[in-house]
Amino acid sequence: MNIRSSLKRKSIFALVGYMLLVIILVGSISYKVVEPPVRHSLEHGLDLSTQLMSDQIQLPLNSSIGVLQSIVSVGNTGIPQHEQEILLHSLFSVLDGIAVSGGLWPEPYSVNPKVEYTSLFYNRASDGAIDKINSWNNPETGGYNKQDWYLSAANKPLGTVTWSQVYIDAYTQVQMITASSPYYVNGKFAGVATIDLSLKDLIEFVNEQAEDFGLGVLLKDGYGEVITEHNFKLVNGIYVSKLSFGHFNWSVDVINAQKLIGKRVYEIISSVELGIIPLMLLLVLIGYVLINRYLIRPIAVIAQKVDDSKQGGIIDMAYNSEDEIRHLIDTFNQKTVFLEAEKVKAQASTQAKSSFLATLSHEIRTPMNGVLGTAQLLLKTDLSEEQRKHLKSLYDSGDHMMTLLNEILDFSKIEQGHLELDRAPFPLGSIMGSINSVYHTLCTEKGLLFKVYSDVSPDRWYMSDKARVRQVLFNLLNNAVKFTSRGFVEVNFKEQVTDGTTFLCITVRDTGIGISKSAQEKIFRPFEQAESTTTRRYGGTGLGLAIVKQICELMSGSISVKSESGIGTSFEVKLGLEVCEPGSVEVKVHRKLNYEGLQVLIVEDNRTNTIIIDGFMKSKGFKCQSVENGEEAIKIMSTTHFDLVLMDNHMPVMDGVEATSAIRQLPGDRKNTLIFGCTADVFKETRERMMSAGVDCIIAKPIDENELDDALYRYSEKLYQFHSEQVVTPDVTDFEELLVNLYVSIENKQYDKSAALVENLISSFNEDPRDQFAEVLQRILECLKNHSEPEKEDIDLITVLVADKCH
């Protein structure tokens, strides 16, 4: 935009015109004042001199009141005294003029109940150094709260200023005066603030004025005491100009000591100045009106318009001058239009990204179901040791890939604000037991020491999202184990209550590779790791800690890190959790079920997925049939009775939601058939649609056989609604939760609870009392009933024996 008229040029022309006008006015008025004979009497001139002198005396005294008010403001804040010290030291560092010392004098014992006097008194030395004086804090001096300058201000209304008599400083032998003012914290009197003023320069100024203008001066304080006297000699008939001034009530008496021409000149100049002041004020007012109209007002209107357009919109105002303000308005409007267009693009991009991630999740999970499913099936076959090793590597690699995918999806949900927290009661002990059972083994395999310390009872219950708390812990522990090759990994739990909110504080420490100071700033950023070599050496998306940070903030908490390279790392997490009443954890002993004779219908359009699911189900004893879409499923269910339907979601002709709704409308008992939704789409909306359509349970792809077994057991009553349920040998994985609870209760010395869990094990296996397993369980039970800790060898042995019995 071409600026035709510059604000800068306008301001220069206005300034030149203003100065010319002032010069003309001053010259004209001075001429009119000087030209006539002296029209003012000696008395009037003397009064004027007295007034001017009092004004000059008041100026430094009044400015000192501003310093005193600043000290009062520091006292009123009620901040800790060490912070007040910093503020007062800074204040006295920049002071000049007649204020030489001062500070805060708190009420005795108000700062520290054990210390009577805790004043903050600072003195500015002649060389500019600021010294803190503590001598007044010695109770043997009698106490500063008994001094007149303290008592005169104590408990007075806020803003009151009292003045002491003029006194001679014991150290500098200089005349001084002290101003005192009370300060209050939360409406309660907290102490007195003071400022000490040196009158040396003030007295010298008065004497110089008196000498220069041939005056006799007598200056007194508010108590009638003489501050200074210069050439003040009274004779009969002499005119004395008397004046009391200031809220400190000083008085000055002035006489003419000599008849000098300079006195007449002074009177004339003073008259000229008094005549110019009103005109100067008028000119300032006119200048302000002009500046307000042409500069301040347009800018204020622009600011208001900008504030009104935070959510979009342009500045619409009448401004006709082609200057910088016009340029600002037009440029802002252009930027606003551009940003609105970019906002629309960004929203479209976000929506496209969400759709892409949903598609990505489904498309990756579908082939991974084939990879992981085939690996699980093959692991059940007769394999050589080398084949089993390679196959296990294949499965672990695929499982790791799914972990990375889940991290990306989790972060996408957080980024879009779609991550929601569940609320359900859970005991802290269940989480402690989980990490004990998982990471004790992992650390032992790497030769690391793993320990869990807790100041919180494992019987403490919280109302929050247990899965997200586990996710935070497991992510931090995974990193700790991954990056530690020697030493230890430990977890510490404690509680902290802040402003009525209970925080579970978790510290995860390790002796691993550590994190450099520069890298600590970016480890919580998405897609970043501490060093570029970390990704190459250890892998990962760099999203884990970013997700942990977001979960912590979602739980009104925080996460911080302390680390040194080569020494180790400590992560400190605070999670805001609601404490709730203890509930009960039901320990279920799962049984493997006999599925012989049960029929399952596999509704799946992907041939590989059909083969995998068919292999899973046939290996369990099911009879399997498969169709490629929902329409075919409805047709076959109209003629054939099935005990279970495994329903995919995304299919041609008719998808899983429509097919499930149609099955629930079938006549007779077929509409009550057990339906598991098997989908590679893990987004919440898809699951909710399938559940609303009538599926009983969602099994995510890639299918985990343990998850499938758990679902079959949980819904066994509906699975066997047309048959009688049959139970076979228990599986070791079915006893994992029971064993974890047993180990946790023994570690917490809850012997009665531990004994009940051991009795549960004994009744579950119903072994011959002479069997080694039964003997070990009986030894442990006797120890627990006697409230003593069983032998560690026996505890370790039952884990091995349970596995042997179940295999």
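Quick notes on the rules
Residues numbered from 1 in each chain as written. Predicted model: local features only at pLDDT ≥ 70, side-chain atom pairs only at ≥ 80, totals over all residues. Heavy atoms only, no water. Helix = DSSP H or I, 4+ residues; strand = E, 2+ residues; numbered from the N terminus. Buried < 20%, exposed > 50% of the residue type's maximum accessible area, 1.4 Å probe, protein only. Contact = heavy atoms within 4.5 Å. Areas by Shrake-Rupley, 256 points an atom, 1.4 Å probe, with all protein chains shown as cover. Pairing = 2+ DSSP bridges. Patch = residues over 30% accessible without salt bridge, like charges linked within 9 Å, V, L, I, M, F, W, Y side chains within 5 Å. Salt bridge = Lys/Arg side-chain N within 4 Å of Asp/Glu carboxyl O. Lys, Arg positive; Asp, Glu negative; His and termini not counted. Charge placed at Lys NZ, Arg CZ, Asp CG, Glu CD. Axes fitted to C-alpha atoms, helices over the stretch in contact; angles between N-to-C directions. Arc of directions from axis to C-beta. Parallel < 35°, antiparallel > 145°, perpendicular 65-115°, else oblique. Left-handed = near helix turned anticlockwise from the far one by under 90°. pLDDT = per-residue confidence, 0-100. Core = buried A, V, L, I, M, F, W, Y, C linked by side-chain atoms within 4.5 Å.

On to the overall build of the protein chain, then. A tally of helices and strands in the protein chain yields 23 helices and 24 strands. Across the 807 residues of the protein chain, 43% fall into the buried class. Once local pairs closer than 6 in sequence are excluded, the contacts in the protein chain between residues at least 24 apart make up 65%. As presented, the protein chain carries roughly 43,200 Å² of accessible surface, and 54% of it is formed by carbon and sulfur atoms.

Okay, the pairing of strand 2 (residues 120–124) next. Among the 5 residues of strand 2, 4 are classified as buried, and the element is accordingly described as predominantly covered. As judged from the 4 bridges shared by strand 1 (residues 99–106) and strand 2, these two strands associate in the antiparallel manner. Within strand 2, the residue paired with Ser101 across the bridge is Asn123. Examined bridge by bridge, strand 2 and strand 3 (residues 130–133) share 4 bridges and lie antiparallel to one another. Each bridged residue has a counterpart across the sheet, and for Phe121 the counterpart in strand 3 is Ile133. Hairpin connection of strand 2 to strand 3: 5 residues between the antiparallel strands, including Gly128 at a positive phi of 95°.

Turning our eyes to something else, we now look at unusual backbone geometry. One non-glycine residue with positive phi stands out, namely Asn186, at about 55°. For Asn186, the position within the fold is in the loop between strand 6 (175–185) and strand 7 (188–198). The phi torsion at Ser556 lies on the positive side, around 60°, for a residue other than glycine. Mapped onto the secondary structure, Ser556 falls in the loop between helix 13 (544–554) and strand 17 (558–564).

Turning next to a negative patch on the surface. Where like charges cluster on the molecular surface, the negative patch consists of Asp201, Glu204, Glu208, Glu211 and Asp212. Its place among the elements puts Glu204 in helix 5 (residues 200–212). By relative accessible area, which is 38% here, Glu204 ends up partly exposed.

This part takes up the sheet that holds strand 17. With mixed pairing, 5 strands are arranged side by side in an open sheet as 13-15-16-18-17. The open sheet has two free edges, formed respectively by strand 13 (449–454) and strand 17, since each of these has just one partner strand. Direction aside, the axes of adjacent strands within the sheet are offset by 15° on average. Pairing geometry for strand 15 (residues 488–498) and strand 16 (residues 501–510), over 10 bridges, is antiparallel. The partner of Glu490 across the bridge, within strand 16, is Arg509.

What follows covers helix 18 (residues 705–714). Among the residues of helix 18, those classed as buried are Glu705, Leu708, Ala711 and Leu712. Mapping the buried residues of helix 18 onto a view down its axis gives an arc of 120°, with all of them on the same face.

So, on to the packing of helix 16 (residues 656–663) against helix 17 (residues 684–693). For the pair helix 16 and helix 17, interaxial distance at closest approach is 8 Å and the crossing angle is 15°. For the element pair helix 16 / helix 17, the angle class is roughly parallel. Relative to helix 17, helix 16 is oriented so that their crossing is right-handed. Two secondary-structure elements touch here, helix 16 through Val657, Thr660 and Ser661 and helix 17 through Arg689, Met690 and Ala693.

Per the counting criterion, the structure on display carries 14 salt bridges. Between Glu572 and Lys562 there is a salt bridge, with its nearest N and O atoms 3.9 Å apart. With Glu572 in strand 18 (residues 568–576) and Lys562 in strand 17, the pair connects residues that are 10 residues apart, well separated along the chain. For Glu572, a relative accessible area of 33% translates into the label partly exposed.

Within the open sheet, the 3 strands sit side by side as 12-14-19. Their pairing is antiparallel. Both outer strands of the open sheet, strand 12 (424–427) and strand 19 (578–580), are each paired with one neighbouring strand and no more. Across the sheet, the mean angle separating the axes of adjacent strands is 40° when strand polarity is ignored. Across 3 bridges, the pairing between strand 14 (residues 461–464) and strand 19 is antiparallel. The residue of strand 19 that forms the bridge with Met463 is Glu578.

Turning to the confidence of the model for the protein chain, a few remarks are in order. When pLDDT is averaged along the protein chain, the result is 77; 73% of the residues meet or exceed 70. Mean pLDDT across the secondary structure elements of the protein chain bottoms out at helix 12 (residues 532–538), with 44, and peaks at strand 22 (residues 644–647), with 94. Taken together, the stretch residues 530–542 has pLDDT below 50 and engages in 26 contacts with residues farther than four places along the chain or on a different chain. A low-confidence stretch, residues 727–733 stays under pLDDT 50, and its non-local contacts, those more than four residues away or across chains, total 19 contacts.

Let's shift gears to the nonpolar core. Of all hydrophobic cores here, the largest spans 43 residues; its most connected members are Ile57, Leu61, Ile71, Ile195 and Trp250. The element best represented in this core is helix 2 (residues 42–77), accounting for 10 residues. Beyond its immediate sequence surroundings of up to four residues, Ile57 is in contact with Leu202, Val206, Leu219, Phe245 and Trp250. Within the second largest apolar cluster, 42 residues are counted, among which are Tyr462, Leu476, Ala519 and Ile523.

Moving on, we come to a nonpolar patch on the surface. Together, Leu282, Ile286 and Leu290 line one region of the surface with nonpolar side chains, adding up to about 260 Å² of accessible area. Turning to its location among the elements, Leu282 is positioned in helix 6 (residues 261–308).

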